[in-house]
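Working through the structure, step by step
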Amino acid sequence: MTDQRLITVPGGFLSTPITPPVAATDWEVHSRQDKELVKGLGLTSATMLVMGSMIGSGIFIVSAEIGREVDSPALLIGAWLVAGFMTIVAALSYGELAAMMPRAGGQYVYLREALGPLWGFLYGWTLFLVIQTGTIAAVGVAFGKFLGVFFPAISSSRWILHLWKVPPIHVGPMVLGNMDVGINTQNLAAILLVVFLSVVNIFGVKLGAAIQNVFTAAKVAALLGLVFFGLALGRNAVALAANFGTNFWRNSGLGAQHGVQVGVGGPIVMVSTLTILAVAQVGSLFSSDAWNNVTFTAGEVKNPSRNLPLSLALGTGVVIALYIACNFVYMNALPLDGTPGAVTVLGRGIKYAAEERVGTAVMTQMFGAIGGFLMAAAIMISGFGCNNGLILSGARVYYAMAKDGLFFRGVAKLHPKYKTPAVSLMVQMVWTCLLCISGSYGQLLDYIIFAVLVFYILTIVGLFVLRRTRPDAERPYKAVGYPILPIIYILMALFIDVVLLRYKPQFTWPGLIVVLLGIPVYYAWLRRSRHGDTIKSA
């Protein structure tokens, strides 16, 4: 419908038809960038957020467990190559969704728009309950653990308030409980770190990004230093003979058999090379995780159609290259095999590094006692930066859920001056601190690896769904290798999940239960939201 407006022109009037603005479609309203948030993240900050969220303490630790599982230098590298390939393919696929829907909440929004609000809620529910907050707690406690290297009074055995020792509870192939509840000097350090970073991130996304940039640059420099000095100074004749040459390929053939313990205390069964690589992904994929956190902050990214896909590709590519290089350094400095009771770093090898601190063992082998202190400092820097990125980004998901009426309404409020989700940051902080005190975060993270992979699969399935249901939607960037690479990812991830269900039930069923518990919670929130709307309209 148009109306006629008279516009004054020299010599008379001109009748001009005026078309009123067309109301935005539901898709445009729900998929376009948030207007109330400050656009404070450029390409550099977004890339640093990807890298900083990925690099925690895992790369310095999990190679010991992977080494024991695969029992082969080639398969140790292979496990990281598989994780790297899957991570980069997933990031390239997410780039299309991020450019289409540059909204706060990222993956939550993609699942909501592609598969329906229930799937988005289940992801946000699991993220808040375990994935994000559990990771923040675990990284914070690791920070306290390595701070104890410099200050011995900071220890998990120095209790300030010990409330309860939860006994081990055996449920089939799983062991629940078996943790100490209370405050010790180690988890107090974690709590103080979480509180500090949560409060700092209230004061604007630019301040949070500045902290992220500084600490990510520092830990990338530390990893580069480890790689450089490891290749230049860390070459050990015993390690080279044990790990390379013909020994590199031992136990790596497709017909090789590998022992896996089913569940906790279950029988040892023999599995194929492909199966053992899938089992080993518990460590390598977890250490490569959190790259998707930049999508949570999409509403604050400048030029998101360009910068989000580019930051995902650049960030994941650099980190995976560093991870693989670090594992070559480990094998240059230490033999893969070792003896658990050996008194020397070299004797224990990668498999039996003290407390699984492979990075620390390598630095000690190269530089003596000072190497252990250097690595402890590097891991503390890494943990500080990692937690800043996780805290900054996670709060944006609960903010987006609250705006949809699927979380506490107050969480949708922004700070009046700094335009940050301050309430969301505080709610996330409180729950994370409770996880630190409960001592349950480690088990929770073990339980949720399976579920994390399920949500990645569903999100990439959503890419195919949106290509069909929204063929005309604006796609500034299209997933590289579509549809072949996303299909390969889905098949690989499904294979890993099936293997974990079969051979590592302690990592799968509890996580699945956590996700499923979100279904009745979703409908409760939905009724609550509708009831609130009814009262307002009355």
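Residues numbered from 1 in each chain as written. Predicted model: local features only at pLDDT ≥ 70, side-chain atom pairs only at ≥ 80, totals over all residues. Heavy atoms only, no water.

**So, the overall build of the protein chain**
When its secondary structure is counted, the protein chain shows 19 helices and eight strands. With the C-alpha coordinates of the protein chain rotated into their principal frame, the extents come out at 100 × 50 × 45 Å. In the protein chain, which comprises 538 residues, the share counted as buried stands at 56%. When contacts within the protein chain are restricted to residue pairs at least 6 apart in sequence, long-range pairs at least 24 apart make up 78% of them. (Helix = DSSP H or I, 4+ residues; strand = E, 2+ residues; numbered from the N terminus. Buried < 20%, exposed > 50% of the residue type's maximum accessible area, 1.4 Å probe, protein only. Contact = heavy atoms within 4.5 Å.)

**Some points on unusual backbone geometry**
Following Tyr482, the chain continues to Pro483 via a peptide bond in cis, the omega torsion being 0°. If you trace the backbone, Pro483 turns up in the loop between α17 (441-469) and α18 (484-503). The backbone phi angle of Ala290 is positive, close to 80°, even though this residue is not glycine. Secondary-structure assignment places Ala290 in the loop between α10 (273-287) and α11 (293-296).

**Focus on α10**
Its 15 residues give α10 an end-to-end C-alpha distance of 21 Å, which sits within 8% of 21 Å, the value for a rise of 1.5 Å per residue. At Gln281, α10 shows its maximal kink, close to 45°. Across the 15 residues that make up α10, a large majority, 13, are buried. (Expected span 1.5 Å × (residues − 1). Bend = angle between axes of the 7 residues up to and from the residue.)

**Details of the packing of aromatic side chains**
By convention here, two paired aromatic rings are described through the distance between centres and the angle between planes. Taken as a whole and judged by the stated rule, the model has 26 aromatic pairs. Measuring from centroid to centroid gives 5.3 Å for Phe128 and Phe407, while their planes differ by 65°, and the two rings are edge-to-face. Taken together, the positions of Phe128 in helix α6 (residues 117-150) and Phe407 in the loop between α15 (369-403) and α16 (422-438) put the pair 279 residues apart, joining distant regions of the chain. Aromatic ring contacts, followed pair by pair, group Phe128, Tyr398, Phe407, Phe408, Trp431 and Trp525 into a single cluster. (Phe/Tyr/Trp six-rings, centres within 6.5 Å; stacked < 30°, edge-to-face > 60°.)

**Some details on the nonpolar core**
Side chains of nonpolar character tend, in soluble globular proteins, to be buried together. Within the largest apolar cluster, 160 residues are counted, with the highest numbers of intra-cluster contacts made by Leu226, Trp291, Tyr330, Val362 and Tyr489. Ignoring anything within four residues of it in the chain, the contact list for Tyr330 reads Ile59, Phe60, Ser63, Leu226, Ile350, Val358, Gly359 and Val362. (Core = buried A, V, L, I, M, F, W, Y, C linked by side-chain atoms within 4.5 Å.)

**Some words on the side chain of Ser53**
Looking at the secondary structure, you find Ser53 in helix α2 (residues 43-54). Discounting chain neighbours no more than four positions away, the residues touching Ser53 are Gln212, Asp289, Ala290, Asn293, Cys386, Gly389 and Leu390.

**Observations concerning the packing of α17 against α18**
Two elements in contact, α17 and α18, have axes whose closest approach is 10 Å; the angle formed by their N-to-C orientations is 155°. When the axis of α17 is compared with that of α18, the two are roughly antiparallel. When you trace α17 past α18, the crossing you get is left-handed. In this structure, α17 uses Phe450, Leu453, Val454, Tyr456, Ile457, Ile460, Val461, Leu463 and Phe464 to contact α18, whose residues at the interface are Pro486, Ile487, Tyr489, Ile490, Ala493, Leu494, Ile496, Asp497 and Leu501. Each residue belonging to the contact of α17 with α18 can be placed in one class, and the counts come to 17 nonpolar, no polar and one charged. (Axes fitted to C-alpha atoms, helices over the stretch in contact; angles between N-to-C directions. Parallel < 35°, antiparallel > 145°, perpendicular 65-115°, else oblique. Left-handed = near helix turned anticlockwise from the far one by under 90°. Nonpolar A, V, L, I, M, F, W, Y, C, P; charged D, E, K, R; others polar.)

**Thoughts on the pattern of salt bridges**
Under the criterion given, the structure shown has 14 salt bridges. A salt bridge links Glu300 to Arg396, with the shortest nitrogen-to-oxygen separation between them at 2.8 Å. In this pair, Glu300 sits in the loop between α11 and α12 (304-333) while Arg396 sits in helix α15, placing the two residues 96 residues apart along the sequence. Neither Glu300 nor Arg396 differs from the other in exposure class; each is buried. Among the salt bridges present, the one from Arg357 reaches Glu355, with a minimum N-O distance of 3.3 Å. Of the residues examined, Arg357 reaches a relative accessible area of 19% and is grouped as buried. Classification of Glu355 by relative accessible area gives exposed; the value is 53%. Each of Asp71, Arg250, Asp337 and Lys351 takes part in a single network of salt bridges with overlapping partners. (Salt bridge = Lys/Arg side-chain N within 4 Å of Asp/Glu carboxyl O.)

**A look at α15**
A rise of 1.5 Å per residue sets the reference length of α15, with its 35 residues, at 51 Å; its end C-alpha atoms lie 52 Å apart and thus fit the reference within 8%. Positive phi appears at Gly405, one or two residues downstream of α15, with a value of about 80°.

**Some remarks on the confidence of the model for the protein chain**
Residues with a pLDDT of 70 or more make up 94% of the protein chain, whose mean pLDDT is 89. Under a pLDDT of 50 for its full length, residues 1-23 has, in the predicted model, 22 contacts with residues more than four places off or in other chains. (pLDDT = per-residue confidence, 0-100.)

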